[in-house]
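The residues making up each chain are set out below.
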Amino acid sequence: MESTPAPPLLTPHKMGQFDLSHRHCNQSAQFPFMPSVVLAPLTRQRSYGNVPQPHARVYYAQRATKGGLLIAEATGVSDTAQGYKDAPGVWTEEQVDAWKPVVDAVHAKGALFFCQIWHAGRVSNYKLQPNGQAPISSTDKQVSPQMSADGRLEEFSPPRSLAKDEIPNVVDDFRKAARNAIAAGFDGVEIHGAYSYIIDQFLKDSANDRTNEYGGSLDNRCRFALEVVDAVVGEVGGHRVGIRLSPFTDYMDCHDSDPQALALHLVNKLNDYGILYCHMIEPRMAHVDGRR
Ligand SMILES: Cc1cc2nc3c(=O)[nH]c(=O)nc-3n(C[C@H](O)[C@H](O)[C@H](O)COP(=O)(O)O)c2cc1C
């Protein structure tokens, strides 16, 4: 009987300074459905009051193995970052302290743990915002109501387009969140630049209607994303910074008229920052993927 070669999934892989026990394989003709053994970030909405709870230790430790890599669920960088009730944050001391035992539990199993730092931008509503204010974004265009996975109609509030002089504060929130994540013990951070949240809103021309240096040309639309990368790398070092991008997704009214040009422009620019990895959602997945 002909034997099929074993997929090289369980072979060690060096990712920068990190020794992983399993490869993060690409799809190939030989292995068309090659899975990844990195735990993808998955929003759980069980961090009551935006504070990680003791049950998160069990949840993440159950998914940790020696030399494995886990990416934590989208974790808010500030009190305006929230887009889902009870998503965790990493902007307060209480949140940082609450993450510590979760990170320790993952490390005790010998795995690596990155925190996905996130700002929802306009994918939010008044109820989730401090003092019931409008969500902030690249634009004041509202996301149209969307059907959620469980069949409910999700509604979003009209956002407020950030003034140019407010943008550095949001960039700084990402920087501080990265510092806090490292203080909590995470091995690194993944900047959430995908799936229609604030960074994606600046990147894509359906959601970025700005006319100043943060809108229009590719250079201008990528400016916010790259300022975030620069700030985060400056704070914690590129050797522990990854980014997730989805130029090809069309989700929450956030799409681009030329995603390939956007993707190429962005990854070329990212080369200047020496980051650890860029996880780009594949075009083939873009039409089926992207719940969050
Ligand atoms: C319930 C749920 C929550 C998710 N939360 C996040 C998240 O917090 N951050 C993120 O980048 N992606 C999130 N995603 C997207 C997943 O990480 C992943 O990209 C998607 O499920 C496709 O993965 P697959 O190709 O392995 O099925 C979420 C997906 C689901 C279904």
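Quantities reported herein were computed from a predicted structural model and do not represent experimental measurements.

1. Focus: the pairing of strand β3 (residues 69–76)
- Along β3, eight of the eight residues are buried, which leaves the element largely enclosed by surrounding structure.
- A crossover connection joins β3 to the parallel strand β4 (residues 112–118) through helix α2 (residues 93–108); in handedness this β-α-β unit is right-handed.

2. Looking at the packing of aromatic side chains
- For the coordinates displayed, the defined rule picks out 14 aromatic pairs.
- Ring centres of Y84 and Y197 lie 6.3 Å apart, and the angle between their planes is 85°; this geometry places the pair in the edge-to-face category. Note that Y84 is positioned in the loop between β3 and α2 and Y197 in the loop between β9 (188–193) and α4 (198–203), a separation of 113 residues in sequence.
- With a relative accessible area of 4%, Y84 lands in the buried category.
- Here W99 and F113 contribute two aromatic rings whose centre-to-centre distance is 6.5 Å and whose plane-to-plane angle is 75°, an arrangement assigned as edge-to-face.

3. Quick notes on the nonpolar core
- Core analysis: the biggest nonpolar cluster contains 54 residues, and Y60, F113, I117, F174, I191, F224 and V232 have the highest contact counts within it.
- In terms of residue count, helix α5 (residues 218–236) provides more of this core than any other element does, ten residues in total.
- With near-sequence residues (within four places) excluded, F174 lies in contact with V77, I117, W118, H119, I191, I198, I199, F224, V228 and V232.
- In this structure, A74, A120, Y197 and M252 belong to the second largest nonpolar core, which totals 14 residues.

4. Some points on the pattern of salt bridges
- Under the defined criterion, the tally for this structure stands at twelve salt bridges.
- Its salt-bridge partner being D200, residue K204 comes within 3.0 Å of it at the nearest N-O pair. Here the two residues K204 and D200 agree in accessibility, since each one is buried.
- A salt bridge links R221 to D256; its shortest N-O distance comes to 2.8 Å. Highlighted residues: R221 in helix α5 and D256 in the loop between β10 (241–245) and α6 (259–270), separated in sequence by 35 residues.

Parameters at a glance
Residues numbered from 1 in each chain as written. Predicted model: local features only at pLDDT ≥ 70, side-chain atom pairs only at ≥ 80, totals over all residues. Heavy atoms only, no water. Buried < 20%, exposed > 50% of the residue type's maximum accessible area, 1.4 Å probe, protein only. Helix = DSSP H or I, 4+ residues; strand = E, 2+ residues; numbered from the N terminus. Right-handed = clockwise from strand over helix to strand, strands pointing away. Phe/Tyr/Trp six-rings, centres within 6.5 Å; stacked < 30°, edge-to-face > 60°. Core = buried A, V, L, I, M, F, W, Y, C linked by side-chain atoms within 4.5 Å. Contact = heavy atoms within 4.5 Å. Salt bridge = Lys/Arg side-chain N within 4 Å of Asp/Glu carboxyl O.

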